[in-house]
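Observations on the model geometry
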There are 2 protein chains.
Amino acid sequence: MGRRNDHSREELRTMAVAAASDIVAAEGLRGLTTRKVAARLGYSPGSLYVIFRNLDDLILHTNAHTLEELRTELGPVASTATTPAATLRALAHGYLEFARNHTNRWLAIFEHRFPEDGDVPDWYRDDIASVMGLVRRPVAQLRGVTDPAAIDLETTAVWGAVHGVVVLGVDAKLDAGGARAPKAVLDTLLTTLCS
Amino acid sequence: MGRRNDHSREELRTMAVAAASDIVAAEGLRGLTTRKVAARLGYSPGSLYVIFRNLDDLILHTNAHTLEELRTELGPVASTATTPAATLRALAHGYLEFARNHTNRWLAIFEHRFPEDGDVPDWYRDDIASVMGLVRRPVAQLRGVTDPAAIDLETTAVWGAVHGVVVLGVDAKLDAGGARAPKAVLDTLLTTLCS
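Everything in this summary refers to the structure shown in the same document. A quick note: this is a predicted structure, and the numbers were derived from the prediction, not measured. (Residues numbered from 1 in each chain as written. Chains lettered and ligands numbered in written order. Predicted model: local features only at pLDDT ≥ 70, side-chain atom pairs only at ≥ 80, totals over all residues. Heavy atoms only, no water.)

What chain A contains, in helices and strands, is nine helices and zero strands. From first element to last, N terminus to C terminus, chain A shows the α and β order α-α-α-α-α-α-α-α-α. Principal-axis analysis of the C-alpha atoms places the extent of chain A at approximately 60 × 40 × 35 Å. By the burial criterion, 51% of the 195 residues in chain A qualify as buried. Across chain A, the fraction of contacts at a sequence separation of at least 24, relative to all contacts at a separation of at least 6, is 67%. Accessible surface for chain A amounts to roughly 8,900 Å². Of this, 53% is attributable to carbon and sulfur atoms. (Helix = DSSP H or I, 4+ residues; strand = E, 2+ residues; numbered from the N terminus. Buried < 20%, exposed > 50% of the residue type's maximum accessible area, 1.4 Å probe, protein only. Contact = heavy atoms within 4.5 Å. Areas by Shrake-Rupley, 256 points an atom, 1.4 Å probe, with all protein chains shown as cover.)

Below you can see the structure in the form of C-alpha cells.
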C-alpha cells in the first residue's frame with residue numbers, strides 16, 4: 001500500500017478528513033476508525049499517523065471541517081437579517097436545518113469527548129469561537145451588554161437553549177408535551193429569548 | 001439456573017430494573033444487555049423474556065424508573081418555591097443536579113431510540129408527562145397562557161432550553177465562549193426565560 005509519496009502531506013490531510021466525514025455521515029462517530037479511512041484512500045493505516053497524532057486528532061479535524069461548513073452556511077444568514085432578533089431567529093433556523101441535514105456529522109461534534117487532560121488545541125477553540133462569533137454580535141446588541149464576560153454568558157445561554165431544542169427535535173424527543181414540531185418550539189423559545 | 005419460581009413476576013421485574021439501573025449507572029446504556037441483568041439476578045436470560053418483551057422494553061422500564069426518581073426529587077422543589085419564576089429556577093437547578101449525580105442513567109433517557117414504528121407505550125408517555133407536569137404549571141402561570149396547546153409549546157421550549165444548557169454543561173461543552181460553569185449559564189438563561 002506504499003502510496004505515501006503520491007500526495008503531499010496537506011493533500012493527504014484533506015483527503016483523510018473528507019473520507020472521515022463520509023464515514024461519520026454514513027455510520028456515525030462510532031463507525032469511524034483510522035483503518036477505514038486509510039482503506040478508502042488506499043493507504044496503510046500507519047500512513048495516517050504521519051498526519052494525525054491519533055484517532056482523537058483525526059476526529060477533531062473532521063469536526064473542525066463540519067464547524068467550518070456550519071459557519072459557511074450560517075455566515076450569510078447572520079449578515080442579511082436586519083435586527084438582532086431577526087438575526088438570532090435566522091441563525092436558530094439555520095442551525096436546526098444544518099442539524100437535520102447533517103445529523104451524524106453534527107452530533108459527532110458533541111459526542112466526541114475531549115481528552116481527559118483538557119488539552120483542546122487552540123486552533124479547534126478558534127473554530128468554535130468563529131461559529132459562536134455569529135451569535136455573539138446579535139446577543140450583545142439585543143441584551144445591551146458590552147463586558148466580554150457578560151456577552152460570553154448571554155451567548156452561551158442563548159446558544160445552549162437553542163441547541164437543547166434542536167438536539168431534542170432531531171432526536172424526536174420533543175413530543176413529551178405533545179408539541180412535536182421542532183420549528184414551532186424553536187419559534188416559541190426565540191420569542192422569549194428575544195423579547 | 002432454574003430459580004424462576006423463587007420470585008413473583010412483580011418481584012422479578014423490580015429486581016431486573018434495579019440491576020439494569022446499576023449497570024447503566026456504571027457502564028452507560030451501551031453496556032446494558034439482558035444477559036448481564038440475568039447474571040446479576042442468578043436467572044437465565046430466557047427468564048427475563050417472560051417479564052420484558054425485549055431489550056427495548058427493559059430499557060423503557062429502566063428509564064421510567066429514572067424518570068420516577070427525577071420526579072420524586074423535583075416534586076418538593078416545585079411545591080415549595082413561592083413564585084412561578086422561583087419554581088422554574090429551582091426546577092432547573094434540581095435538573096442540573098440530577099443530571100450531574102446520575103449522568104449515565106439520565107443520559108440513557110435520551111440515548112434510547114424509540115422503536116421506528118413510534119409505538120411508545122402509554123404508561124411511558126404518562127411517566128414523561130408526570131415530570132413535565134411540574135414544569136407546566138409555573139410556565140402557564142408565568143406566560144399567562146391557558147390554552148393547553150400553547151402551554152405545551154411554552155413548556156417544551158422552556159424545558160428544551162434548560163435541557164440544552166444542562167446537557168452541554170454535563171458534557172463540558174459549554175466552554176466555547178469561556179463561560180464554563182453550567183450553573184452561571186443556567187441562571188443567565190433563567191433570567192431571560194422568566195423576565
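Having seen the model, we can carry on.
Another aspect to go through is the interface of chain A and chain B. Contacts between the two partners involve 39 residues from chain A and, on the opposite side, 39 residues from chain B. Approximately 3,200 Å² of surface area, both sides summed, lies buried where chain A meets chain B, with 63% of it carried by carbon and sulfur atoms. Linking chain A with chain B are two salt bridges, by the criterion used here. D171 of chain A is paired through a salt bridge with R113 of chain B; the nearest N and O atoms lie 2.9 Å apart. Remark: the boundary between chain A and chain B carries six residue pairs in polar contact (both at pLDDT 80 or more). Elements represented by at least two residues in the side of chain A that touches chain B include exactly α6 (103-111), α7 (122-143), α8 (148-170) and α9 (182-193) of chain A. Among the elements that make up the side of chain A that touches chain B, the one with the highest residue count is α8 of chain A (13 residues). Class assignment for the residues of the side of chain A that touches chain B results in 20 nonpolar, nine polar and ten charged. (Buried area = accessible area lost by both parts, 1.4 Å probe. Salt bridge = Lys/Arg side-chain N within 4 Å of Asp/Glu carboxyl O. Polar contact = N/O pair within 3.5 Å; in protein donor to acceptor, adjacent residues only side chain to side chain. Nonpolar A, V, L, I, M, F, W, Y, C, P; charged D, E, K, R; others polar.)

What follows deals with the layout of surface pockets. Of the pockets and cavities examined, the largest pocket occupies roughly 1,000 Å³. As for the largest pocket, its lining consists of 31 residues, of which R30, L107 and E111 of chain A together with R30 and E111 of chain B are closest to the centre. Residue assignment for the lining of the largest pocket shows that the elements contributing at least two residues are α6 and α8 of chain A together with α6 (103-111) and α8 (148-170) of chain B. Considering each element in turn, the lining of the largest pocket owes the most residues, five residues, to α6 of chain B. (1 Å grid on protein atoms, 1.4 Å probe; cavity = no way out; pocket = protein on both sides within 12 Å on 5 of 7 lines; lining within 4 Å. Points joined across faces, edges and corners; volume = space filled by probe spheres on them.)

It is worth spelling out the packing of aromatic side chains at this point. For the structure shown, the criterion picks out eight aromatic pairs over all chains. Consider the rings of Y95 of chain A and W106 of chain A, whose centres lie 5.9 Å apart with planes at 80 degrees: the pair is edge-to-face. In this pair, Y95 of chain A sits in helix α5 (residues 84-101) while W106 of chain A sits in helix α6, placing the two residues eleven residues apart along the sequence. Assessed through its relative accessible area of 5%, Y95 of chain A is described here as buried. Measuring from centroid to centroid gives 5.7 Å for W106 of chain B and F110 of chain B, while their planes differ by 70 degrees, and the two rings are edge-to-face. Of this pair, W106 of chain B and F110 of chain B both sit in helix α6, four residues apart, which is roughly one turn of the helix. Residue F110 of chain B is classed as buried on the basis of its relative accessible area of 14%. (Phe/Tyr/Trp six-rings, centres within 6.5 Å; stacked < 30°, edge-to-face > 60°.)

Let's shift gears to the relation of the copies chain A and chain B. It takes a turn of 180 degrees to lay chain A on chain B, together with a shift of 0.0 Å along the axis; the resulting RMSD is 0.0 Å. Those values place the two copies in the arrangement expected of a two-fold rotation axis. Both copies share a contact surface, since 100% of the interface residues of chain A are interface residues in chain B too. (Least-squares fit on C-alpha atoms with pLDDT ≥ 70 in both.)

We now examine the pattern of salt bridges. Residue and element names in this part refer to chain A. Counting across every chain of the model gives 22 salt bridges over all chains. With its nearest N and O atoms 2.2 Å apart, the salt bridge here joins D152 to R136. Placement of D152 in helix α8 and of R136 in helix α7 is noted, with a sequence separation of 16 residues between them. Salt bridges linked by common partners bring R89, K183 and D187 together as one network.

All names here are of chain A. In the contact formed by helix α4 (residues 55-80) and α6, the axes pass within 9 Å of each other and the chain directions differ by 120 degrees. Regarding the angle of α4 to α6, the classification is oblique. Judged by the sense of rotation from one axis to the other, the crossing of α4 with α6 is left-handed. On α6, the residues that touch N63, H65, T66, L67 and E69 of α4 are R105, W106, A108 and I109. Here the residues of the contact of α4 with α6 are counted per class, giving four nonpolar, three polar and two charged. (Axes fitted to C-alpha atoms, helices over the stretch in contact; angles between N-to-C directions. Parallel < 35°, antiparallel > 145°, perpendicular 65-115°, else oblique. Left-handed = near helix turned anticlockwise from the far one by under 90°.)

A few words on the side chain of T62 of chain A. Residues and elements named next belong to chain A. Position of T62 relative to the elements: it lies in helix α4. We classify T62 as buried; its relative accessible area is 3%. Within the structure, the side chain of T62 is placed 2.7 Å from the backbone oxygen of L58, a separation counted as a polar contact.

Now for the environment of L168 of chain B. Mapped onto the elements, L168 of chain B comes out in helix α8. In this structure L168 of chain B comes out as buried when scored by relative accessible area, which is 2%. In the structure, L168 of chain B is positioned 14 residues away from P182 of chain B in sequence and 8.1 Å away in space, judged by C-alpha atoms. Sequence-distant contacts of L168 of chain B, that is, excluding residues within four places in its chain, are made with F110, W159, G160 and H163 of chain A together with K173 and L174 of chain B.

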